[in-house]
Amino acid sequence: QVQLVESGGGLVQPGGSLRLSCAGSGFTFSRYTMDWYRQAPGKERELVASISGSGSSTSHADSVKGRFTISRDNAKNTVYLQMNSLKPEDTAVYYCKVDVATRHYWGQGTQVTVSS
């Protein structure tokens, strides 16, 4: 079965960095676009970044462009989100997602808190 497991969240000061990881299993990882989403308290879940199966194409939300970078290592079945210059408004639970056979699969999420 498809499984996604995120890691790497935590508490960081404004201006700091974190790298999130999402390990996938139960599907042919390299064939699928992977997405990172986030959900802040009281807000809707929003798309942060996407990466194609090969890694050759990426996109980032305007709110994180220039600060966050999505990447993947298909040999390790893992997608990453490098987050630099973090701001308090980046505080949220971060999720990875994959669509396989018309179904959406989500990880359990990892909390990122940006605070001094």
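The structure we're discussing is the one just above.
Residues numbered from 1 in each chain as written. Predicted model: local features only at pLDDT ≥ 70, side-chain atom pairs only at ≥ 80, totals over all residues. Heavy atoms only, no water.

J.: Describe the pairing of strand E9 (residues 92–100), with residues and values.
T.: Counting buried residues in E9 gives seven out of nine residues, a clear majority hidden from the surface. Bridging between strand E4 (residues 34–39) and E9 involves six bridges; their strand directions are antiparallel. Across the sheet, the residue bridging to Asp 35 is Lys 97, located in E9. As paired elements, E9 and strand E11 (residues 110–114) share three bridges and run antiparallel to each other. Looking at the pairing, Tyr 94 lines up with Thr 110 of E11. Relative to strand E10 (residues 103–106), E9 runs antiparallel, the two sharing four bridges. From the neighbouring strand, Val 100 faces E10, where its bridge partner is Arg 103. Taking the residues between adjacent antiparallel strands as the criterion, E9 and E10 are bridged by two residues, where Ala 101 takes a positive phi near 50°. (Buried < 20%, exposed > 50% of the residue type's maximum accessible area, 1.4 Å probe, protein only. Helix = DSSP H or I, 4+ residues; strand = E, 2+ residues; numbered from the N terminus. Pairing = 2+ DSSP bridges.)

J.: Run through the sheet that holds strand E3 (residues 18–25), naming residues and quoting values.
T.: Consider a sheet: its strands pair through backbone hydrogen bonds, and that pairing is either parallel or antiparallel. Reading across from one edge, E1-E3-E8-E7 is the order of the four strands in this open sheet, with antiparallel pairing throughout. Looking at the sheet topology across the chains shown, the edges are occupied by strand E1 (3–7) and strand E7 (68–73). Strand-to-strand twist of the sheet, defined as the mean angle between neighbouring strand axes without regard to direction, takes the value 15°. Bridge count for E3 against strand E8 (residues 78–83) is six bridges, and the pairing is antiparallel. The residue of E8 that forms the bridge with Ala 23 is Thr 78. (Axes fitted to C-alpha atoms, helices over the stretch in contact; angles between N-to-C directions.)

J.: A description of the packing of aromatic side chains should follow, citing residues and the corresponding values.
T.: Summed over the entire model, instances satisfying the criterion amount to four aromatic pairs. For the pair Phe 27 and Phe 29, a centre-to-centre distance of 5.9 Å together with 40° between the ring planes defines the contact as tilted. For the residue pair Phe 27 and Phe 29, the accessibility class agrees, reading buried in each case. Both rings, one in Tyr 37 and one in Trp 106, keep their centres 4.9 Å apart while their planes meet at 65°; by these two values the pair is edge-to-face. Of this pair, Tyr 37 sits in strand E4 while Trp 106 sits in strand E10, and the two are 69 residues apart along the sequence. (Phe/Tyr/Trp six-rings, centres within 6.5 Å; stacked < 30°, edge-to-face > 60°.)

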